[in-house]
Every structure is written in structure tokens, then in C-alpha cells.
Amino acid sequence: MVITEQKLDQLREILGGAPKKMALLSHTNPDGDTIGAALAWRAYLERLGHTTRCIAPNRYPYFLEWMTDIGYIGVFKEDADGEMAKFIGEADVIFCMDFNQINRLDRVTDTATANTTAQRVLIDHHLHPPVDGYTVQFSDTHSCSTSYIVYQLIEALAGTDAIDQAMAEALYVGIMTDTGNFSFSNLTSDLFRAVAVLIDRGVNVPYVNSSVYDNFSEGRMRLLGYMLNDKMVTDYRYGVAYVSLTEEEMRRFNFIQGDSEGFVNYPLSIRGIRMSAMFIQTKHSIRVSLRSRGSDVDVNVFARRYFDGGGHRNAAGGKSYVSMDETLKNFHTYLKEYFGA
Ligand code: 5GP
Ligand code: MN
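One numbering rule holds for all chains: residues counted from 1, following each sequence as written. Whichever chain is written first is A, and whichever ligand is written first is 1; the rest continue in order. For this predicted model, a pLDDT threshold of at least 70 governs which residues receive local features, and a threshold of 80 or more governs which side-chain atom pairs are given and counted, while totals over whole chains, interfaces and linings are taken from all residues. The basis for every side-chain value is the complete set of non-hydrogen atoms in the structure, without hydrogens or water.

Burial classes follow relative accessibility: with a 1.4 Å probe on protein chains only, a residue under 20% of its type's maximum area counts as buried, one over 50% as exposed, and anything between as partly exposed. Helix and strand assignments come from DSSP, with helices taken as H or I runs of at least 4 residues and strands as E runs of at least 2, each series counted from the N terminus. By the alternation rule, side chains of strand β12 (residues 315-320) split into A316, G318 and S320, which are all buried, and A315, G317 and K319, of which none is buried. Strand direction decides the pairing type here: strand β11 (residues 310-311) and β12, joined by 2 bridges, are antiparallel. Residue pairing in the sheet places G310 in a bridge with G317 of β12. We call two strands paired when DSSP finds no fewer than two bridges between them.

Attention now goes to the coordination of the manganese ion (ligand 2). Water is not among the atoms examined, so metal sites may look incomplete; donors are the N, O and S atoms within 2.8 Å of the metal, or within 3.2 Å for Na, K and Ca. For the manganese ion (ligand 2), the full set of protein donor atoms is D33 (OD), D98 (OD), H125 (NE2) and D178 (OD), and the range of their distances to it is 2.2 to 2.4 Å. All donor residues of the manganese ion (ligand 2) come from one chain, and their arrangement in sequence is D-x64-D-x26-H-x52-D. On the criterion of sequence distance, the pair formed by D33 in helix α2 (residues 32-47) and D98 in the loop between β4 (93-97) and α4 (109-113) is long-range, its members being 65 residues apart. With relative accessibility at 1%, the residue D98 sits in the buried group.

This part is about the state of the cysteines. Put simply, a disulfide is two cysteine sulfurs that come within 2.5 Å. A complete count under the given rule lists 0 disulfides for this structure. Between C54, a cysteine without a disulfide, and C96, which holds the nearest cysteine sulfur, the sulfur-to-sulfur distance is 13 Å. Residue classification places C54 among the buried residues on the basis of a relative accessible area of 1%. Left without a disulfide partner, C144 is nearest to the cysteine sulfur of C54, which lies 20 Å away.

This next bit is on the environment of E218. Locating E218 in the fold gives a position in helix α9 (residues 218-231). By relative accessible area, which is 56% here, E218 ends up exposed. Sequence separation between E218 and Y236 is 18 residues; the distance between their C-alpha atoms is 32 Å. For E218, the side chain forms a polar contact with the side chain of R222, separated by 2.8 Å. A 3.5 Å cut-off defines polar contacts: any pair of N or O atoms within that distance qualifies, except that in protein one atom must be a possible hydrogen donor and the other a possible acceptor, and neighbouring residues in sequence count only when both atoms are side-chain atoms.

On to the site of ligand 1. Around ligand 1, the structure places 14 residues, and the nearest of them are R104, H126, R287, S289 and R291. H126 places a side-chain nitrogen or oxygen 2.7 Å from an oxygen atom of ligand 1. Note that an oxygen atom of ligand 1 is positioned 3.2 Å from one of the side-chain N or O atoms of H312. We get accessible surface area from the Shrake-Rupley algorithm with a probe of 1.4 Å; when it comes to residues, only the shown protein chains can shield them. Starting from 500 Å² of accessible surface for ligand 1 in isolation, the protein chains cover 86%. At the level of secondary structure, the elements contributing two or more residues to the shell around ligand 1 comprise β10 (286-292), β11 and β12. Think of it this way: one heavy atom of a residue within 4 Å of a molecule or strand is enough to make that residue near it.

Between its first and last C-alpha, helix α5 (residues 146-158) extends 18 Å over 13 residues, near the 18 Å set by a 1.5 Å rise per residue. Of all 13 residues in α5, 10 are buried, a share of seventy percent or more. Those residues of α5 that fall on the buried side of the exposure criterion are T146, S147, Y148, I149, V150, Y151, Q152, L153, I154 and L157. At the N-terminal boundary of α5, the capping side chain belongs to S145, with an oxygen 3.1 Å from the backbone nitrogen of Y148. The positive-phi residue at the C-terminal boundary of α5 is G159, with phi of around 85°. Expected helix span is taken as 1.5 Å per residue step, with the number of steps being one fewer than the number of residues.

Okay, the packing of aromatic side chains next. Note on aromatic contacts: the rings of Phe and Tyr and the six-membered ring of Trp form a pair at centre separations within 6.5 Å, being stacked when their planes are under 30 degrees apart, edge-to-face when over 60 apart, and tilted otherwise. Counting across every chain of the model gives 22 aromatic pairs. Between the aromatic rings of F63 and F216, the centroid separation amounts to 5.5 Å while the plane-to-plane angle is 75°, which identifies the pairing as edge-to-face. With F63 in the loop between β2 (51-56) and β3 (73-75) and F216 in the loop between α8 (205-213) and α9, the pair connects residues that are 153 residues apart, well separated along the chain. F63 sits in the buried class, given a relative accessible area of 5%. Measuring from centroid to centroid gives 4.3 Å for Y306 and Y334, while their planes differ by 10°, and the two rings are stacked.

In C-alpha cells, the structure reads:
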């Protein structure tokens, strides 16, 4: 069990006493889990009397805009007057939500490490938790999501009655999105009991589901069709499929951030495909997303070894700093090496 009495006591000590300034940091390219976990934890901390700020390095995807508390997420990149950097600098406590490497904070990394005496608390479920730099770590690499860890923390500290409707919704969004709508691994019976409690606390399941999954732009749907039909490459020697998108292709389909969310999962539903990769060009690098199913391909290892990244066994990501052509060529080399043929 990751949430030990000893760690809870440390957390109680941090949360107790006089009101403090607390920053809740989400990882770059924030997803439903880092946002949901931060929003629910924020609500709990506020109730304890603390002053909080939720800060994400860049904007969250548009399909989370409907969330009740989304207005509490500050976007560091859009913070013209430096007010968020100032808050982080003055914070007594910094909560790191849903990431294991501090550089996942991207442009916020320096602010969160330099000129701060804040205590740092990690709440995360990625593999390879940091070895030091935190007062206390709640790292459960077997948890389906960080939002589920936040649920368990609130349950242990205050009981589930402390979860109001907006918190329940935020936690449910985190769990739902990180489990691929309850279809990936780490789906324990305890998790479903927790979800049942969230429903009791007011989550409207069809509404949340529809708000996230039936709310995409037309451009996204057409881009998906184009990508699968014209761009997907399969290699059955390794059971691998991959897709790539250039900036020009994304422009053609009026791409907005969040539009490619989930694309990398589609090739995995092809018989014989056990690993899927997606390469998306951005201004300074290529974003790499990797997925696998089953236990024989560990994309966390693949991402760490070849793409300066990491994540989980069946879902990981990283970056490539060369051109798309070169990246794809390299990918072929890596496949050969990884699969040993
Ligand atoms: P996605 O492909 O959805 O961006 O990310 C899949 C998983 O890998 C997520 O759990 C995410 O946090 C992790 N991940 C994505 N990119 C990186 C990266 O550059 N570095 C590390 N360490 N993890 C990443
Ligand atoms: Mn997560």
C-alpha cells in the first residue's frame, strides 16, 4: 500500500496548522487526469483554509472546458504579468500532480525548482518515481490514474463525504480518461467501488462521457479518417503500426490542441497489432506517443530508451529532435533493435 499511515501523518502535518500558500502543478500538454486530480485536490485544500493555485504549463484540451471547476486552472504560458511564477515562488507547498520527472513541467520547471523553499509533495502513478526532492511521495505505479490516488487520499484524510459534486466530477473525468473509458489495465474492483461512490456524490455518467467524447471538432474527425486511411503504416513482423502528422497536414484540418488525443489507440484494435506509435510535429520537436496491449511490449522502456521519455508499460511518450523523415527512419532502426530481428 502506497498510502501508509506514516505518509498520511506527514501529509496531515503539511496540511494542518496555519493556512498556507499551495501550488498544484500539472504536467505539460495536460490531460484529463492531471487536470481532474488537481481540481479535486484544490477543492479539498481550499476547504481546509489554504490559498491555492492550479497551474498548467500550457493550455488544457478544449474537451475539458465544460468542467465545473476548470476556471481554476491557470495557464502559465498565458500568464503575461508573471503572477503565476510569483505565486509558485512564494508557495509553502508545491503539489506535483501526475508526473514523475520535474522536466515534464516544461517552461515551469525552472520556476518550480529555483528560488523556492517550498515543500514538494508528489501525487503520481507513473513508473520510476523520483528518488529525491520531495518531502513526501504518493507514488502508486499500479494505480489507473492520479485521480484515483487523490480519491484515496481524501477518503483516508476526511472520508468520502468530503467529496462534493464538482470534486466527484473532476475525479471521474481523470479516472475515465486515463483508463480509456474503463478499458485499460489496473481496473480493480476497489476502483469500481470508488467510482460507485463518485456516482453517489453526483456524477452524471452519460453527461460526463458525452461532454468529453462527443464534443470534438469536425476537423478532428476528418483528420482521423485521413490519418488512418492515408498515413497509417503497418508492420506485421513486429506487430507494429504507426502514424505521423506534419504541421501542414494539421493545418489542412484546422487542427486545434487536443484534436489528436486518443488517435494513437486506434491502430491497436487491428488484429495482430500489439504496439502503436504516433509522431506529431510541433514547433521545436516531434511528440511521440506509444501504446501497446498485452504484456510483451513495454512502451515505457521503449520511450525511455529511444525518445527521452517514459510513462507506463502500455502507454508512454517522448520526443524526437530531428526531422520527421529522420525520426521515422530511426524508429525502424529502434524496432529492429528492440525486437531483436
Ligand atoms: P501521451 O501519449 O498521451 O502524451 O502520453 C502517454 C503517457 O506517457 C502519459 O502517462 C504521459 O504522462 C507519459 N508521457 C508522455 N510524454 C512523456 C515524456 O516526454 N516524458 C515522460 N517521462 N513521460 C511522458
Ligand atoms: Mn495519469
